[in-house]
Amino acid sequence: MIRVFSHWLPSKTVFQLVLDVLVLFTMVLGAAWLDRDNAPGLGTVALYAMAFALLTTALNKAIGFYQLDATRGIAHVLALALVSFFLAAPVAYAIFDELPNQGNHYQFLQTSAL
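Here goes a summary of the coordinates provided. For clarity, every value in this text was computed on a predicted model and none was experimentally measured.

## Overview of the overall build of the protein chain
Scanning the protein chain from terminus to terminus reveals four helices and two strands. As displayed, the protein chain has an accessible area near 7100 Å², and 68% of this comes from carbon and sulfur atoms.

## Comments concerning the packing of helix α1 (residues 11–34) against helix α2 (residues 42–62)
In contact at an axis separation of 9 Å, α1 and α2 are set at 145° when each is read in the N-to-C sense. Read as a crossing pair, α1 and α2 show a hand that is right-handed. On α2, the residues touching Thr13, Leu17, Asp20, Val21, Leu24, Phe25, Val28, Leu29, Ala32 and Trp33 of α1 are Leu42, Val45, Ala46, Ala49, Met50, Phe52, Ala53, Leu54, Thr56, Thr57 and Lys61. For the contact of α1 with α2, a count of residues per class yields 16 nonpolar, three polar and two charged.

## Comments concerning α1
Residues lying three or four places apart along an α-helix face the same way, a consequence of the helix completing one turn every 3.6 residues. For α1, which comprises 24 residues, the first-to-last C-alpha distance of 34 Å matches the rise-based estimate of 34 Å (1.5 Å per residue) to within 8%. Taken together, the buried positions of α1 are occupied by Thr13, Val14, Val21, Leu24, Phe25, Val28, Ala31 and Ala32.

## Some remarks on the packing of α2 against helix α3 (residues 74–96)
Two elements in contact, α2 and α3, have axes separated by 10 Å at closest approach and are oriented at 155°. The angle between α2 and α3 places the two elements in the roughly antiparallel class. Here the hand of the crossing between α2 and α3 comes out right-handed. Touching Tyr48, Ala49, Ala51, Phe52, Leu55, Thr56, Leu59 and Asn60 of α2 are Ser84, Leu87, Ala88, Val91, Ala92, Ile95 and Phe96, all from α3. Here the contact of α2 with α3 is built from residues that sort into 12 nonpolar, three polar and no charged.

## A closer look at the nonpolar core
Counting 14 residues, the largest nonpolar core has Val28, Phe52, Ala53, Ile95 and Phe96 as the members making the most contacts within it. For this core, the elements supplying multiple residues, two or more each, are α1, α2 and α3. Residue contributions to this core peak at five residues, all from α1.

Calculation notes
- Numbers given for residues are sequential positions, taken from 1 along each chain in its written order.
- Per-residue local features of the predicted model are confined to residues with pLDDT of at least 70, and side-chain atom pairs are confined, for both listing and counting, to 80 or more; whole-chain, interface and lining totals are unaffected and use all residues.
- Here the side-chain values reflect all heavy atoms present in the structure, with hydrogen atoms and water set aside.
- Strands here are runs of E lasting at least two residues and helices are runs of H or I lasting at least four, both read from the DSSP assignment and numbered beginning at the N terminus.
- Computed by Shrake-Rupley with a 1.4 Å probe, the accessible areas treat only the displayed protein chains as cover when residues are assessed.
- Only the contacting stretch of a helix is used when fitting its axis, a line to C-alpha atoms as for every element, and angles between N-to-C directions run 0 to 180 degrees.
- Left-handed describes a crossing whose near helix is turned anticlockwise from the far helix by less than a right angle; the clockwise case is right-handed.
- For this analysis, residues touch if any pair of their heavy atoms sits within 4.5 Å.
- Charged residues are taken to be Asp, Glu, Lys and Arg, nonpolar residues to be Ala, Val, Leu, Ile, Met, Phe, Trp, Tyr, Cys and Pro, and polar residues to be all remaining types, Gly included.
- What a helix should span is 1.5 Å times the count of its residues minus one.
- Remark: exposure states derive from per-residue accessible area (1.4 Å probe, protein chains only) relative to the maximum for the residue type, with buried under 20%, exposed over 50%, and partly exposed in between.
- Any angle from 65 to 115 degrees is called roughly perpendicular, while one under 35 is roughly parallel, one over 145 is roughly antiparallel, and all others are oblique.
- We call a set of buried Ala, Val, Leu, Ile, Met, Phe, Trp, Tyr and Cys residues a nonpolar core when their side-chain atoms join them within 4.5 Å.

Without other data, these values stay purely geometric and don't point to any function.
In structure tokens, the structure reads:
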């Protein structure tokens, strides 16, 4: 158990949250780096990538994705994954559509976020 803002949270849940934020953030930055000829600066993309990672992780937490429940069936896990995907897709499009345009539209970032 880890104490966060006078609340006790399971350490496994905190680890999953941090890992998900890092994976999402790294994935988007990696996609921007791979297409660095057409992408804006990595500093600009990093801000949007962090916003996407934090918002998507918060939505996953809100739907109960990180609850420790040993009795979950495969159908329940798949349903949570689908809901997570359907919530993350509009978030990716909304956030990365706001990137400063330099004559290009950044579908590679939106696609990589999905």
